[in-house]
Amino acid sequence: MAAAGKVCTGFSKPYVAIYSASGGTVTYTSGQILARGVEVSIEPEVGDDNTFYADNVAAEVAPGVFTGGTVTLTVDGLFSAAEKLIMGLPAEKTITVGQDETVSVAEYGDDMDIPYMGLGFVVRYQSDGVVTYAPVVLTKVRFQTAGLSAATQQGEIDWQNQELTASMMRDDSANHVWKKVAEDQATEAAAEEALKVMLGVSA
């Protein structure tokens, strides 16, 4: 047993993949890197405890179960392909600029079909001086439409991140899993490979 507890020291490599389920089997497709990770916050919602009383005291307690929740991701900025995927954007349209130059335009409107996704990332820990990396997957999430915050540059660059929010839920497997955490790995690269397997990422 380690002499110290496992302390979280970092977050990286957020991945997403399209979620589907059939007959209690969950699968993921179109897996890809989302962006470069800055911060993640998971806020589960849990039902109330159910307490049984006997001899005028609380004798048994059934703990509340996971009912949903919210995950908030801060990233450097979405990759274009990943944004189209998680927002369910329709095929881009093309406009002509000038004489013969064309520009693709993504449209956010009624044709959007935001899909259910699997969301994964790597959490870095340190315990008694030893650094490890844990692959974490939230099995079924649905992203809210992403906002945008931008400010003009002044005397120096003001690094501006992007914040994403997604609703968490249980998946449609027999055990209704909402989170998976794989065994800690010695390197970030090994954790990323495990994460990609969990989300069915082929490349």
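As a reminder, the structure under discussion sits directly above these lines.
Here goes a summary of the coordinates provided. (Residues numbered from 1 in each chain as written. Predicted model: local features only at pLDDT ≥ 70, side-chain atom pairs only at ≥ 80, totals over all residues. Heavy atoms only, no water.)

Let us look at the overall build of the protein. Counting its regular elements, the protein contains two helices and twelve strands. Reading the protein from its N terminus to its C terminus gives the helix and strand order β-β-β-β-β-β-α-β-β-β-β-β-β-α. Over its C-alpha trace the protein gives a radius of gyration of 21 Å, far above what one expects of a compact globule, namely 17 Å for 203 residues. Principal-axis analysis of the C-alpha atoms places the extent of the protein at approximately 85 × 45 × 35 Å. By sequence separation, contacts in the protein at least 24 residues apart represent 67% of the contacts at least 6 residues apart. Roughly 12500 Å² of accessible area belongs to the protein as shown, and the carbon and sulfur atoms make up 48% of that amount. (Helix = DSSP H or I, 4+ residues; strand = E, 2+ residues; numbered from the N terminus. Rg over C-alpha atoms; globule rule 2.2 N^0.38 Å. Contact = heavy atoms within 4.5 Å. Areas by Shrake-Rupley, 256 points an atom, 1.4 Å probe, with all protein chains shown as cover.)

Here the focus is the side chain of Ser127. Note on placement: Ser127 falls in strand E9 (residues 117-127). Here Ser127 falls in the buried class, since its relative accessible area comes to 13%. Within polar-contact distance, the side chain of Ser127 engages the backbone oxygen of Gly5 at 3.5 Å. (Buried < 20%, exposed > 50% of the residue type's maximum accessible area, 1.4 Å probe, protein only. Polar contact = N/O pair within 3.5 Å; in protein donor to acceptor, adjacent residues only side chain to side chain.)

We now examine helix H1 (residues 80-87). Burial in H1 covers these residues: Ala82, Leu85, Ile86 and Met87. Where H1 is buried, its residues touch strand E1 (7-22), strand E2 (25-33), E9, strand E10 (130-143) and strand E11 (162-169).

Once that is clear, we can look at helix H2 (residues 188-198). In an α-helix there are 3.6 residues to a turn, and that puts residues three or four apart on one side. Among all positions in H2, only Ala191, Glu192, Leu195 and Lys196 are buried. Buried residues of H2 fall within an arc of 140° about the axis and therefore sit on the same side. In the stretch just after H2, Gly200 is the one whose phi turns positive, near 65°. (Arc of directions from axis to C-beta.)

The next thing to look at is the pattern of salt bridges. In this structure the tally under the stated criterion is six salt bridges. Across the pair Asp76 and Arg36 runs a salt bridge whose closest N-O atoms are separated by 2.6 Å. Of this pair, Asp76 sits in the loop between strand E6 (66-75) and H1 while Arg36 sits in the loop between E2 and strand E3 (37-46), placing them 40 residues apart in sequence. A relative accessible area of 28% places Asp76 in the partly exposed class. A salt bridge links Asp172 to Lys140, with the shortest nitrogen-to-oxygen separation between them at 3.1 Å. (Salt bridge = Lys/Arg side-chain N within 4 Å of Asp/Glu carboxyl O.)

For the rest of this paragraph, the subject is the nonpolar core. Counting 30 residues, the largest nonpolar core has Ile86, Leu119 and Phe143 as its most contacted members. For this core, the secondary structure elements donating two or more residues are E1, E6, H1, E9, E10 and E11. Not counting residues up to four positions away in its chain, the partners in contact with Phe143 are Val16, Leu73, Ile86, Met87, Ile114, Met117, Leu119, Leu164, Thr165 and Ala166. Formed by eleven residues, the second largest nonpolar core is a distinct cluster that contains Tyr28, Tyr133, Leu195 and Leu199. (Core = buried A, V, L, I, M, F, W, Y, C linked by side-chain atoms within 4.5 Å.)

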